[in-house]
Amino acid sequence: MQKYDNCWLNKDTFFNKNYESYILHGDCDITNSIHKEVGYFLSLRQVYEENLADLVFKKLEQQDSSLGIEGFKIDIGKTTYISSNTPVGLLYGFFKFINLLQNDNLSSIVEIPKNSIRMLNHWDNINGTVERGYAGSSIFFENNQIVKDKSVIYHYARLLASVGINAVSINNVNVHKIETYLIREPLLSCVSDIAYIFRKYGIKLYLSVNFASPVEIGELDTADPMNEDVINFWEKETNRIYKKIPDFGGFVVKADSEHRPGPFTYGRNHADGANMLAKALQPHGGVVFWRCFVYNCEQDWRDRKTDRAKAAYDHFMPLDGSFDKNVILQIKNGPMDFQVREAVSPLFGSLRKTNTVLEFQIAHEYTGHALHVFYLPSMYKDILKFKTYAEVSKDGCIMDILKHYPCENNELNGITAVAGIGNDFNLTGHKLSQANLYGFGRLAWNPKTCKSEIAKQWINSTFNINENAKNIIKDILITSPQTYENYTAPLGVGWMVNIYTHYGPSVNGYEFDRWGTYHFSDRNGMGVDRTLKTGTGYTRQYLDKNFEIFENIDTCPDELLLFFHYVPYTHILKSGKTVIQHIYDTHFEGVEKVEEYIKKWNEIKEELDIVSFKNVKNRLQEQYRSAKEWRDQINTYYYRMSGIEDEKGRTIYK
Ligand code: GCU
């Protein structure tokens, strides 16, 4: 535990009141965890003279339907009551209570999560590596086995429960050979040991499965979802899993995507594939998360008609209404792939008869590999507030959509995220990235929570520092996404990163490749024409109002201009600047801001523990080096392309 003590649940000044005793009745895995947690926190408290109150946990005899299964009430008084219909509600209530204490904000409250699915997807491989992970190796697997020492998993489960996460999938969506056998003994028993730890914290375990399992481990010669033997195979496997893990959540599936097997091989569609698995899970209450990240990854760059952005909608929209009730379509926030800035997927607001979850990425694949500071809740909030104009609420924003379709208050909708955690001492690599894991949980629980409140809470719960230092950290967090966006690919065009690693600049890294991710820069201008009138027609996938906004260059927001339009370098943005001047200005400003972060971070050295100080300082130095590289490569490239001088005469290498 000591090694992993550097996080928001381990700050040692939890109690500014001395809770003399606590009462908790009940005997189940979760109430045992509550006993442990309370004991743990009591042992950390600072002891004050006064004995102010007692703490009583009340599992409601008479169910309060307004609280649902996970909601809770905290009533502060001489005796403080935490009440809920269920043990997990009490657990969430206790963690919230701790959070209120840490933030010096103790008051009576009622909380009910807004989303019923609040999930993390781990892209961990059984050899111990983590795909797109920058925080050390897997906490679940090592050397083609499940880890023996599970203390980190236990610590992690507590952290997740403390921010309301209730589901995890533990292995990579790219299910390789050995991982295919996670559904079978002897590995299944080990998976069950992990499920046991998560269960104590109200978290259900899921597995990513290989659609071709019947062939790879079942000695069948087909994985056709309509084939009787295949159907029987999955039924048997699923029954066996539930014998071992009675509350197993279900499967996550990446099919017919980036060379993963799927129903297309057999002339079947995604609904055929997903429903077959869903039927095997249904008697046990399990669900299938079927990912919509499906596109042609063998595109010819010469082909200007195919637009990767259109793929998910084209594949899944025609199938709306044909999925079983326990299938959930998992949709990445954007139509491309977790870019720093891209449009929001048009499937949201369009799919109306199907369960959906929104997929975010906490792993820093395109956001600086946990070497650059990037506060993701800002990006998440922009997406959650995006207006689809579907008729579910005033603007049909994403957070309303999630709750609405296919029926109001749907119980199978929510948010999931690619976790990106590893066994680094702080789990996230960059100390400040902990705020992203924390913030994801808070937003999945309540998408209305504001990003600066989240930053404030995380800082208060994590550091014992003065107000000035808190403000400095908060300012770095809040400004960090804009800073990063400023020195990387401009105006929503995306990529320009080194191929495969996705770290550092390479303007044309993907330009002549097969991945469908192009910027089309030439001597006159740049950007992807996705309009209906002259381009790929992607804009038409949005509902009318957004179609009009994005189709029209005058109403398209600046930050997405190059995602939707090809424009000359002299095009005037709404800011009044030309595109080329915007590129130069933002790239200089981005680097200057990183310089400022370094200065500010050094200023608060005395306030911080040395481990956190060094962790961030070293990373800021790398961020500075990398940001300069980005600035100079992008500015030089566009100077050479356009031949237009920087108005301010700054150094551009020619
Ligand atoms: C991206 C990422 C892959 C990942 C894929 C996915 O393409 O680079 O590593 O497997 O997304 O989401 O499935």
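What counts, and where the lines are drawn
Residues numbered from 1 in each chain as written. Predicted model: local features only at pLDDT ≥ 70, side-chain atom pairs only at ≥ 80, totals over all residues. Heavy atoms only, no water. Helix = DSSP H or I, 4+ residues; strand = E, 2+ residues; numbered from the N terminus. Rg over C-alpha atoms; globule rule 2.2 N^0.38 Å. Contact = heavy atoms within 4.5 Å. Areas by Shrake-Rupley, 256 points an atom, 1.4 Å probe, with all protein chains shown as cover. Lys, Arg positive; Asp, Glu negative; His and termini not counted. Charge placed at Lys NZ, Arg CZ, Asp CG, Glu CD. Pairing = 2+ DSSP bridges. Axes fitted to C-alpha atoms, helices over the stretch in contact; angles between N-to-C directions. Near = heavy atom within 4 Å. Polar contact = N/O pair within 3.5 Å; in protein donor to acceptor, adjacent residues only side chain to side chain. Nonpolar A, V, L, I, M, F, W, Y, C, P; charged D, E, K, R; others polar. Phe/Tyr/Trp six-rings, centres within 6.5 Å; stacked < 30°, edge-to-face > 60°. Buried < 20%, exposed > 50% of the residue type's maximum accessible area, 1.4 Å probe, protein only. Salt bridge = Lys/Arg side-chain N within 4 Å of Asp/Glu carboxyl O. Parallel < 35°, antiparallel > 145°, perpendicular 65-115°, else oblique. Left-handed = near helix turned anticlockwise from the far one by under 90°. pLDDT = per-residue confidence, 0-100.

Further remarks concern the overall build of the chain. Helix and strand content of the chain: 17 helices and 17 strands. The C-alpha atoms of the chain give a radius of gyration of 25 Å, which matches the 26 Å a tight globule of 654 residues would have. Each principal axis of the C-alpha atoms in the chain carries an extent, and together these give about 75 × 65 × 50 Å. For the chain, long-range pairs separated by at least 24 residues make up 71% of all intrachain contacts whose partners lie at least 6 apart in sequence. Working note: accessible area of the chain is about 24,700 Å², and carbon and sulfur atoms make up 49% of it. One way to put it: in the chain the 74 positive side-chain charges average out to a point 2 Å from where the 81 negative ones average out.

Time to look at the sheet that holds strand 6 (residues 117–121). The strands making up a sheet associate through hydrogen bonds between their backbones, and the pairing can be parallel or antiparallel. With parallel pairing, the 8 strands of this closed barrel are ordered in space as 6-9-10-11-12-13-14-15. Averaged over all pairs of adjacent strands, the angle between strand axes in this sheet comes to 25 degrees, irrespective of strand direction.

This next bit is on the site of the ligand. Around the ligand, the structure places 13 residues, and the nearest of them are Glu131, Lys254, Arg291, Lys332 and Glu365. Interatomic distance of 3.0 Å between a side-chain N/O atom of Asp337 and an oxygen atom of the ligand. Of the residues assigned to the shell around the ligand, the class counts are 3 nonpolar, 2 polar and 8 charged.

Quick look at the packing of aromatic side chains now. Following the criterion strictly, the structure yields 38 aromatic pairs and no others. On the basis of an interplanar angle of 85 degrees and a centroid distance of 6.0 Å, the ring pair of Phe211 and Trp290 is categorised as edge-to-face. Pair noted here: Phe211 is in the loop between strand 10 (204–208) and helix 5 (213–216) and Trp290 is in strand 12 (residues 287–291), with a separation of 79 residues, a long-range link. On the accessibility criterion, Phe211 (2% relative accessible area) is buried. With 6.4 Å between their ring centres and 5 degrees between their planes, Phe386 and Phe550 make a pair best called stacked. Taken together, the positions of Phe386 in the loop between helix 9 (376–384) and helix 10 (398–404) and Phe550 in helix 14 (residues 544–551) put the pair 164 residues apart, joining distant regions of the chain. Its relative accessible area of 3% is what places Phe550 among the buried residues.

Two side chains carrying opposite charge are able to pair once their charged atoms lie near each other. Here the structure, examined in full by the defined rule, presents 34 salt bridges. Between Glu258 and Lys254 there is a salt bridge, with its nearest N and O atoms 2.8 Å apart. The class of Glu258 is partly exposed, set by a relative accessible area of 24%. Overall, Lys254 belongs to the buried group, its relative accessible area being 5%. Here Asp558 and Lys574 are joined by a salt bridge, their closest N and O atoms 3.8 Å apart. Of the two residues, Asp558 is situated in the loop between helix 14 and helix 15 (561–564) and Lys574 in the loop between strand 17 (567–568) and helix 16 (579–603); the sequence distance between them amounts to 16 residues. By sharing partners, the salt bridges in this structure join Lys577, Asp585, Asp646, Lys648 and Arg650 into a single network.

Further remarks concern the side chain of Arg260. Within the element layout of this structure, Arg260 appears in the loop between strand 11 (250–253) and helix 7 (270–281). An unpaired buried charge is present at Arg260: no salt bridge exists, and Glu216, the closest side chain of opposite charge, is 5.7 Å distant. Within polar-contact distance, the side chain of Arg260 engages the backbone oxygen of Val175 at 2.5 Å.

Along the chain, the position of His364 falls in the loop between strand 14 (355–361) and helix 9. For His364, the side chain forms a polar contact with the side chain of Thr367, separated by 2.9 Å. Looking at His364, its side chain comes within polar contact range of the side chain of Ser433, at 3.0 Å. Ignoring any residue separated from it by four or fewer positions in sequence, one finds His364 in contact with Tyr134, His369, Ala370, Phe374, Leu376, Ser433 and Asn436.

Remark: a regular strand shows side chains that alternate across the two faces of the sheet. Taking burial as the measure, the 7 residues of strand 14 include 7 buried ones, the bulk of the element. In the sheet, strand 13 (residues 327–332) pairs with strand 14 via 5 bridges, with the strands oriented parallel. Residue Lys332 lies in a different strand from strand 14, and its bridge partner there is Glu359. Summarising the sheet, strand 14 and strand 15 (residues 414–418) pair through 5 bridges and their orientation is parallel. Bridge assignment links Phe360 to a residue of strand 15, and that residue is Ala417.

Time to look at the packing of helix 11 (residues 434–445) against helix 12 (residues 451–462). It is the contact of helix 11 with helix 12, at a shortest axis distance of 10 Å, that shows an interaxial angle of 125 degrees. Relative to helix 12, helix 11 is oriented oblique. For the pair helix 11 and helix 12, the crossing hand works out as right-handed. Residues Gln434, Ala435, Tyr438, Gly439, Arg442 and Leu443 of helix 11 pack against Ile454, Gln457, Trp458, Ser461 and Thr462 of helix 12.

This part takes up the confidence of the model for the chain. On average, residues of the chain score 94 in pLDDT, and 96% of them are at 70 or above. Within the model, pLDDT remains below 50 along residues 46–52, and this stretch shows 13 contacts once partners closer than five positions in the same chain are excluded.

Its place among the elements puts His565 in the loop between helix 15 and strand 17. With a relative accessible area of 5%, His565 lands in the buried category. Distance from His565 to Ile217, taken between C-alpha atoms, is 48 Å for residues 348 residues apart in sequence. Setting aside residues no more than four positions away along its own chain, His565 makes contact with Met526, Gly527, Val528, Asp529, Thr531, Phe550, Glu551, Asn552, Ile553 and Cys556.

Side-chain alternation along strand 3 (residues 72–75) places Phe72 and Ile74 on a buried face and Lys73 and Asp75 on a face that remains uncovered. Summarising the sheet, strand 3 and strand 5 (residues 109–111) pair through 3 bridges and their orientation is antiparallel. Bridge assignment links Lys73 to a residue of strand 5, and that residue is Val110. Pairing of strand 3 with strand 4 (residues 79–84) involves 3 bridges; the strand directions are antiparallel. Bridging from a neighbouring strand, Lys73 pairs with Ser83 of strand 4. From the end of strand 3 to the start of strand 4, which pair antiparallel, there are 3 residues.

Where helix 4 (residues 187–199) meets helix 6 (residues 228–244), the closest approach of the two axes is 10 Å, and the angle between their N-to-C directions is 45 degrees. In terms of orientation, helix 4 and helix 6 fall into the oblique class. Along this stretch, helix 4 crosses helix 6, giving a crossing that reads as right-handed. On the side of helix 4, the interface is formed by Leu188, Ser189 and Ser192, while helix 6 contributes Arg240, Ile241 and Lys244. Among the residues making up the contact of helix 4 with helix 6, the classes are represented as 2 nonpolar, 2 polar and 2 charged.

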